[in-house]
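Residue strings, one per chain:
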Amino acid sequence: MPAKRRTFPLGTTLGRRPSRNGTDTTEPVAVPPVVPVPQPAPSRLVDSAVYTRGHRYASPGTLAETYQCLHEQDDAMAWIGLYRPDADQITSLAQEFKLHDLAVEDAITAHQRPKLERYGETLFVVLRAARYVDALEEVEFSELHLFVGPGFVITVRHGEAPDLAAVRQRLEADPKMLARGPEAVLYAILDQVVDGYAPVVAGLENDIDEIETEVFRGDPTVSRRIYELSREVIDFQRAAGPMLGVLDALSAGFVKYGTDEELQRYLRDVVDHLTQVVERVDGFRHLLQNILTVNATLVSQQQNEEMRSLTAASYEQNEEIKRISSWAAILFAPTLIGTVYGMNFDRMPELHWRFGYLFAVMLMALVCGSLYLIFKRRDWL
C-alpha cells in the first residue's frame, strides 16, 4: 500500500529540525511570507534655497520651511527648483506667491511653446531645452517653466535638461551677480538653455556630414535618415526660434523697468548667441532639402542606368533569339525534306528516280540558301 503524501499549508517550507535523539528530521517550518516594502516616491522638490545679499541663507527641506524663511528676512530671495511637481505643490506655490491661474495650469500640463507672459509683477517664462544624445544620434527636448517675481524664482522642469544645478553653483560662486536679484537668476537660466543648444548644433552638423557621404556613396537607406533628421531640425527650430521673441520682449522689459545695465548687456549677449543658433538651424533645414533633392536625382540617375542596362540586355537577348530562330528555321527545311523522302512507301512519285537523291540535296540547299538570304536581308543573321 503506497504511503500517504503529506501536505502542508501555504506559507510553510521544509526545514531540518534536530530530534530529541540527536538525529535530524525534516519537518515543516513556518516562514512568514515576504511582503514587498514600498519604495518612497522621489522628491519633486529638487532644491530650495533662500538667499540674502547673494549668499545662501538657508536650505529648507520643504515648501513650508521656505515660506517661513522668506517671512523672517525682508530682503531675502527664494529659489525653488521643482521636477515634474504634482498639483498640490503647484497650488501651494500659487497661494503663497499669488501666481495667476492660467500660468499655474500651463505649468501643470506642460506641452507649451516658448513664450513670455507678465501677470502683474510676476513673469511667466516657458523655455524649450534640448540636448543631443550621442548613443541614439537623436535630439531630446524638455520644457522649463519659470515664475519670476519680487523676491522669488520658481523653476519647474519637465525633463532632464537643462542642468539647473550647474546654474545654481555658478551663481552661488558669484555672489555679486546673485545679489542682483531674480533677474540675474533668469538671465543665468536663459544663458544655460542657449549654451545647451551648441552641442545640439554640432551633433546635427556631424549627422548632416555623414548623410552627405552616404548620399554620394549610394546608400539605399539614406532617404529615411534624411527624413528623420529633417524632423529633428524642424523640432529644434520650433524650440529655438520662438525664444528670440521671448528674449526681445524680455530685453524691452529690462529697459522699461530699469533693470541693472550689466544684466541688460549679458542678456544682449544671449540674444546674439541664440541668433547664431537659429540662423545655423535654418541653414540646416535648407541644406537637408537640397540633399534630399540631390539624393532623389542620384536615385533617378541610378534607376535610368539600370533601365538602360536592362534595355540593352533585352535587346541583345532579342538578337540572340532571332539568330537562333533563323538557324532553327534553316535547319528545319532539310529535315522536313529528308523526313518526306524517308517515309516507307513503295508507290511514291520519284521514289525510284535515278536523280532523286541529287534532287533532294539540291532542294535542301535551295531552301536553306533562300531562307539564309531572307534572314540576312532582315538583319536577323
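Residues numbered from 1 in each chain as written. Predicted model: local features only at pLDDT ≥ 70, side-chain atom pairs only at ≥ 80, totals over all residues. Heavy atoms only, no water.

1. Here we look at the overall build of the chain
Put simply, the rule reads: Strands are runs of DSSP state E lasting at least two residues, helices are runs of H or I lasting at least four, and both sets are numbered from the N terminus onward. Surface accessibility follows the Shrake-Rupley procedure with a 1.4 Å probe radius. Residue values consider only the protein chains on display as shielding.
The number of helices and strands found in the chain is 10 helices and nine strands. About 23,800 Å² of surface is accessible on the chain, with carbon and sulfur atoms providing 55% of the total.

2. Overview of the environment of Ile80
Our working rule: Contacts between residues were defined by any pair of non-hydrogen atoms, one from each residue, lying within 4.5 Å.
Tracing the sequence through the fold places Ile80 in strand β5 (residues 77-83). C-alpha of Ile80 to C-alpha of Val46: the two residues are 34 residues apart in sequence and 8.0 Å apart in space. The residues contacting Ile80, other than those within four sequence positions of it, are Leu45, Asp47, Ser48, Leu63, Thr66, Leu93, Phe97, Val153, Ile154 and Thr155.

3. Some words on the sheet that holds strand β6 (residues 115-119)
Basically, it comes down to this: A pair of strands counts as paired when DSSP detects no fewer than two bridges linking them. Angular values range over 0 to 180 degrees, each being the angle between N-to-C directions of two axes fitted as lines to C-alpha atoms, with helices fitted over their stretch in contact.
One open sheet accounts for seven strands, arranged β4-β3-β5-β9-β8-β7-β6; its pairing is mixed. Edge strands, defined here as strands with exactly one partner in the open sheet, are β4 (55-58) and β6. With direction set aside, neighbouring strand axes in the sheet form an average angle of 25 degrees. The sheet contact formed by strand β8 (residues 138-149) and strand β9 (residues 152-158) spans seven bridges and is antiparallel. In the strand pairing of β9, His145 is matched with Val156. Strands in contact with helix α3 (residues 101-109) are β6, β7 (122-133), β8 and β9; relative to β8, the strand with the most contacts, it is inclined by about 155 degrees.

4. Considering the pattern of salt bridges
Test applied: Any carboxyl oxygen of Asp or Glu that lies within 4 Å of a side-chain nitrogen of Lys or Arg is treated as forming a salt bridge with it. Here the term buried applies to any residue with accessible area under 20% of the maximum for its type, exposed to any over 50%, and partly exposed to those in between, with areas from a 1.4 Å probe on protein chains only.
All chains considered together, the criterion is met by 11 salt bridges. For Glu205, the salt bridge goes to Arg280, with nearest N and O atoms at 2.6 Å. Here Arg280 lies in helix α9 (residues 261-341) and Glu205 lies in helix α7 (residues 197-217), a separation of 75 residues in the sequence. Classification of Glu205 by relative accessible area gives partly exposed; the value is 33%. Between Asp207 and Arg225 there is a salt bridge; the shortest N-O distance is 3.6 Å. In this pair, Asp207 is assigned in helix α7 and Arg225 in helix α8 (residues 222-256), connecting sequence segments 18 residues apart.

5. Regarding the confidence of the model for the chain
Where we set the bar: The quantity called pLDDT is the predictor's confidence in a given residue, expressed from 0 to 100.
Taken residue by residue, the chain gives an average pLDDT of 78. The fraction at 70 or more is 81%. Within the chain, the lowest mean pLDDT, 46, falls on strand β1 (residues 12-18), and the highest, 90, falls on helix α6 (residues 182-195). Across residues 1-43, confidence stays below pLDDT 50; counting only partners more than four residues off in sequence or on other chains, it has 32 contacts.

6. Notes on the packing of helix α4 (residues 164-172) against α6
Stated formally: These descriptions rest on fixed angle ranges, namely under 35 degrees for roughly parallel, over 145 for roughly antiparallel, 65 to 115 for roughly perpendicular, and the rest for oblique. What makes a crossing left-handed is the near helix being turned counterclockwise from the far one by less than a right angle; a clockwise turn instead makes it right-handed. Note that Gly is not counted as nonpolar here; it falls among the polar residues with everything else outside the nonpolar set of Ala, Val, Leu, Ile, Met, Phe, Trp, Tyr, Cys and Pro and the charged set of Asp, Glu, Lys and Arg.
Two elements in contact, α4 and α6, have axes whose closest approach is 10 Å; the angle formed by their N-to-C orientations is 130 degrees. Here α4 lies oblique to α6, going by the angle between them. The handedness of the crossing between α4 and α6 is right-handed. Between α4 and α6, the residues in contact are Leu164, Val167, Arg170 and Leu171 and Ala184, Val185, Ala188, Ile189, Asp191 and Gln192, respectively. When grouped by side-chain class, the residues that make up the contact of α4 with α6 number seven nonpolar, one polar and two charged.

7. Regarding the pairing of β7
Extensive coverage of β7 is indicated by the burial of 10 of its 12 residues. Both β6 and β7 contribute to a ladder of five bridges, which runs antiparallel. Opposite Glu117, over in β7, you have Phe124 as the bridge partner. Bridge analysis of β7 against β8 gives 11 bridges, and the strand direction is antiparallel.

8. Points about the packing of aromatic side chains
Here is the rule we go by: Stacked, tilted and edge-to-face are the three classes applied to pairs of Phe, Tyr and Trp rings, where Trp contributes its six-membered ring and a pair requires centres within 6.5 Å; stacked means planes under 30 degrees apart, edge-to-face means over 60, and tilted covers the rest.
Counted by the stated rule, this structure contains six aromatic pairs. Between Tyr67 and Phe97, the ring centres sit 5.9 Å apart and the planes meet at 80 degrees, which makes this aromatic pair edge-to-face. Here Tyr67 is found in helix α1 (residues 63-72), whereas its partner Phe97 is found in helix α2 (residues 87-97), with 30 residues between them in sequence. Side by side, Tyr67 and Phe97 carry an identical accessibility label, which is buried. On the numbers, 6.5 Å between centres and 40 degrees between planes, the contact of Phe141 with Phe236 is tilted.

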